[in-house]
Amino acid sequence: MMTEKMLSALNPEQRDAVCHEGSPLLILAGAGSGKTRVITTKIAWLIRERSVDPASILAVTFTNKAAREMAERAKALDERAASAVIRTFHSFGAWFMRRNAALADADSGFTIYDDTDSVTLLSKAVPDLARNRTASLVHRISRAKDYCLEPDSPKLDIIDPDPEFRRIYGLYQQRLRETGNLDFGDLIMLPVKILRENEEVRRRIRQRFTVILVDEYQDSNVAQFELLRALTGENTYLCVVGDDDQSIYRFRGAEVQNILSYPEQFLNTTVIRLERNYRSVKPILAVADQVVRNNKGRLGKTLLAQRPGEKKPVLLFLHDQDEESAFCAQLIQDAVQKGGHWADWAVLYRTNAQSLGFETEFLHRQIPYRVVGSLKFYEREEIKDALAFLALAVNPRNSVAFHRVVNKPARGLGAVTQDKIVEEARRSLYAAGTGAGDGAENSGSIIDACSRMLGSLSTKAQGGLTEFLHIMASLNAALENAEPGDTLAVFIEKLIDCTGLGEYYRAEDEIAGSQRMANLQELMNGAALYPLSREGLVQFLEHIELDRSMEQQEESADSVTLITIHNTKGLEFPRVIMTGMEAGIFPRDDKDPSELEEERRLCYVGITRAKDELYLTSCASRRLYGKTAPMRPSLFLEEMEPASIEVIGMDPWKMRSRQHRDDGLSGQRPRDLWSPGQKLFHDDYGYGIIQKTCYTDGEFVVTVQFEYGEPRRFMPKYQGHSLLRVKDDEF
DNA sequence: GACAGTGAAATTTTT
DNA sequence: TTTCACTGTC
C-alpha cells in the first residue's frame, strides 16, 4: 500500500500521532478511536519514510491476542514489519532472559512457574506454613515484584511491613533460583535488575531497539514502567498509547499513575488525544459515558460517535440465570435466522464461572460458541502432570515438577523420600559452588540426586525410584535420538505411555467417565507444531506458560463468543450482551470506593465493545454456591439515564412471542423516585425541593433547597421515614 | 505410605 | 455445588 493512501485513511489527530517524532509521545486513545491502526501505521511509516530497520522496532502489548493482531496488521501494511519484535511484556521478558539468564542466576532453559507452582515451592521452603497463608504470601510476593521490589528493598514495607514477610520473600527467591526457574514477576523484575546493573547489556539493547511502542499503557505496573525506563536511552523513541478509563488491572499491580504522570517522567512529552470513536453508535457511547463519568480519578474525555445509528441499548429484567441463558440463546438464534452471523455476538460476564450456564444452554440448542480465555485446560490434573514431566526433562532442577510427578502414578515414594532427594540436590548445588563437591554435572540436578540416594532408601522406595529414573532416562534418550521431522507429539505420546500416566488415566476414564485421555490427546495435537528437540520443548513450554488461551481453533469459525469482560479488552463485536448486571456480581460488593471505580471502568470497557447493539441482562435471583439468592439490579444500571435505554421485561413462559411492557422495576430506582424538581418534606428541615442528584462513591445523593437555609446534601436511603415525597401542589 | 471419608470453606479479574 | 484440606484406618 502506498504511504499516501495509508495516511489518508487516518483523521488529523491520528496522522499527527503517526508522523510525530523527536520527543516522547503519549497518545490518549479513547475506546474505539483506532489506536491499533495508529500503532501499526506508525510501524509501517517508520520503516518506509524514515528507513528504520524493522528489527530495531519493539512493540509491547499486554495480551497475546493483542500482540498477534498487531503483528498481523503491521505486516499487512508492510511486509517488512514481520521482522519487528512485537510481543507481550512477559514474552519480551522471557526473550530477554533466555539470552541473559546467567546474569540472574537462572538457567537459559528455565520454565516459568505459575501461581500454583509458586505456592508449592514456598510450602516446601517453609513447611510449617498453613496452606492458605502460603497462598496469600505468594500473592504478596508477586505484588512486590509488580512494584519491582526485592527482598532487601527498603520500600518493601509498602507491600507488607512485617520483617517476617521480608524473610520469607528472600527464602522464596533463593529457592526459586535453586530450581533455575522464573515466575511471572521475575520476567519483568529481573530484566530491570540486569539492565540496571550491567552497562554492557544496557548499551547493547539500547542499540538494538531504537523505537519502542507500548499499547494499553494504562495497565502497565511499576516494574513494567521501570523496564521501559531501562530500555529507553538518549536515542530511543518512546511512544505509549493508553486510556485511563480502561485501566482494569489495578488488582494485579497496574498503576494508573504511570499514564497520568508520563509527561513528568519523560520530559518534553507530546500528548495527542484521540476522541473520535469509529466503533459504536451514539446511544451506546452515551450510556458508556453516563456510567464512567461517575468516576473521580480520571483525565476526562468525551467520545464522539462517527458511525450513524440510533438503536438504544436494551435492558432486560429476567427471573433467574436459566432464563438469562435461554433468553440470550433465543435472541441470538432469532437474529441468525434473520440472516446474521453467530460471530456477530458476544456474551460478556464478570467471572469465568458464569460461562457454565451459557455453555450448557448453547450446547443444548446446538449454537456454535467458543469460550475465550478460560484457563481450565492447562489447570487439569493430567495436563499439569504431562507438562511437569516435560519441564523436568528440560530442567532437572525443577523441584516443583519433580514433586508433582515422581510418585505419579503411585510408586511408593512419599513426601519424606521426596524431601530427602530434593535436599540432596540442594546440597550438591552448593557443594559444586565451592568446588568441594561432586563435579559440575551434579550442580543441583534432582535426577542425579535420585541416583545417589538410591542406596539409602527402603527396598520399596528403591524399586519405585529405579522405575522413575528409568522413565526419565528414556525420555532424555527420546530427545537425543530424534529423527528429523519428528514432532513433540511423538514425544508426548511416548511420555504418556512410558510414565504410566496413560494406564492410570485410562482406568480413571473408565471408572469416572472422565475425558482425561482425550485432553492428553489434545495436548499432543498442540505439541505437533513443535520439533522434537530440547529447543522445541523449551519453546512449547514457554508458549503454554505465557499464553494459555488455547487460541488454536480457527478464528474464522462462525461462532458466538463467551468471554469475561476483562478478556474483551481490545476486541469489538457488532452485538454484545452484558450479563449478570446485578449488585454483588457486577460490581462485586466492595467497600473500597477506589475498587468500585475500577469495576466501573470495567463496565465502561464492556459497553464500548459493542458496535451496533448492546443488551444488558439483570436477574431477580441467582444460584450461588448451591443456594438461590435474591438479586438486585447493578448500580451501573441505575447510573444510566432512563431515557437512554429501552427497558424490557420478559415473560419466561412466552419466550417465542416476546412482549414489551413497562417493567415496574424501573420505577423503583432512586434516581426516578428522587429526581430534580421533586418536592419533599423532611421531619427536621421542613418542605424543600430537589435541585440536583448524583452518585458519589456509589451512593445516590440529592441536593435539596429547603424553605430556610443553605442547600443540603444527603442520601435518601438513610433518611428512612423522616423524609417524604410530597405532591407538587402541597406547598 | 496409600487412600477413603469427613467436614468445612469458597468463589474475581490474568501474564 | 464443588473443591480442598485434614483425619483416621489399613
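Here the structure is shown first, and the text comes after it.
Values in this document were obtained by computation on a predicted structure and should not be read as measured data.

1. What to know about the state of the cysteines
Counted under the stated rule, the structure contains zero disulfides. Not part of a disulfide, cysteine 19 finds its nearest cysteine sulfur in cysteine 239, a span of 12 Å. Here cysteine 603 is not disulfide-linked; the sulfur of cysteine 619 is the nearest cysteine sulfur, at 16 Å.

2. Observations concerning the protein's contact with DNA strand B
Among the 24 residues in the neighbourhood of DNA strand B, the closest are listed as Arg252, Arg350, Asn352, Asn567 and Tyr625. A breakdown of the atoms of DNA strand B within 4 Å of the protein gives sugar and phosphate a share of 52%. Contact between DNA strand B and asparagine 407: a phosphate oxygen at 2.9 Å from a side-chain N or O atom of the residue. Between a phosphate oxygen of DNA strand B and a main-chain N or O atom of glycine 412, the distance comes to 3.3 Å. Here the surface near DNA strand B is built from residues that sort into nine nonpolar, 11 polar and four charged.

3. Some thoughts on the environment of glutamate 522
Along the polypeptide, glutamate 522 turns up in helix 25 (residues 516-527). Look at glutamate 522 and you get partly exposed, because its relative accessible area is 35%. When the C-alpha positions of glutamate 522 and alanine 489 are compared, they lie 9.9 Å apart, and in sequence the two are 33 residues distant.

4. What about the packing of aromatic side chains?
The final tally for this structure, using the stated rule, is 17 aromatic pairs. Relative to phenylalanine 358, the ring of tyrosine 349 has its centre 6.3 Å away and its plane inclined at 15 degrees; by these criteria the two rings are stacked. In terms of burial, tyrosine 349 and phenylalanine 358 fall into one category: buried. Arginine 98 extends its terminal NZ or CZ atom over the ring of phenylalanine 110, reaching a point 3.8 Å from the ring centre. One residue, arginine 252, lies across the ring of tyrosine 249, its end atom 4.4 Å from the ring centre.

5. Focus on the sheet that holds strand 7 (residues 237-242)
Two strands in a sheet stick together by hydrogen bonds in their backbones, pointing the same way (parallel) or opposite ways (antiparallel). Spatially, the six strands line up as an open sheet ordered 3-2-6-7-1-8, and their pairing is parallel. The strands lining the two open edges of the sheet, one partner per strand, are strand 3 (85-88) and strand 8 (270-274). Averaged over neighbouring strand pairs, the angle between their axes works out to 15 degrees when direction is ignored. Two elements, strand 2 (residues 57-61) and strand 6 (residues 211-214), share four bridges in a ladder whose sense is parallel.

6. Describing the nonpolar core
By size, the foremost hydrophobic cluster in this structure holds 64 residues, and its most contacted members are Phe92 and Val214. Tallying contributions element by element places helix 9 (residues 184-197) first for this core, with seven residues. When residues no more than four places from it in sequence are discounted, the contact partners of valine 214 are Val60, Phe89, Leu228, Leu238, Cys239, Val240 and Val241. Among the nonpolar cores identified, the runner-up in size contains 54 residues, and Ala401, Ile446, Cys450 and Leu479 belong to it.

So, how was this worked out
Residues numbered from 1 in each chain as written. Chains lettered and ligands numbered in written order. Predicted model: local features only at pLDDT ≥ 70, side-chain atom pairs only at ≥ 80, totals over all residues. Heavy atoms only, no water. Disulfide = S-S within 2.5 Å. Near = heavy atom within 4 Å. Polar contact = N/O pair within 3.5 Å; in protein donor to acceptor, adjacent residues only side chain to side chain. Nonpolar A, V, L, I, M, F, W, Y, C, P; charged D, E, K, R; others polar. Helix = DSSP H or I, 4+ residues; strand = E, 2+ residues; numbered from the N terminus. Buried < 20%, exposed > 50% of the residue type's maximum accessible area, 1.4 Å probe, protein only. Phe/Tyr/Trp six-rings, centres within 6.5 Å; stacked < 30°, edge-to-face > 60°. Lys NZ or Arg CZ within 6 Å of the ring centre and 35° of its normal. Pairing = 2+ DSSP bridges. Axes fitted to C-alpha atoms, helices over the stretch in contact; angles between N-to-C directions. Core = buried A, V, L, I, M, F, W, Y, C linked by side-chain atoms within 4.5 Å. Contact = heavy atoms within 4.5 Å.

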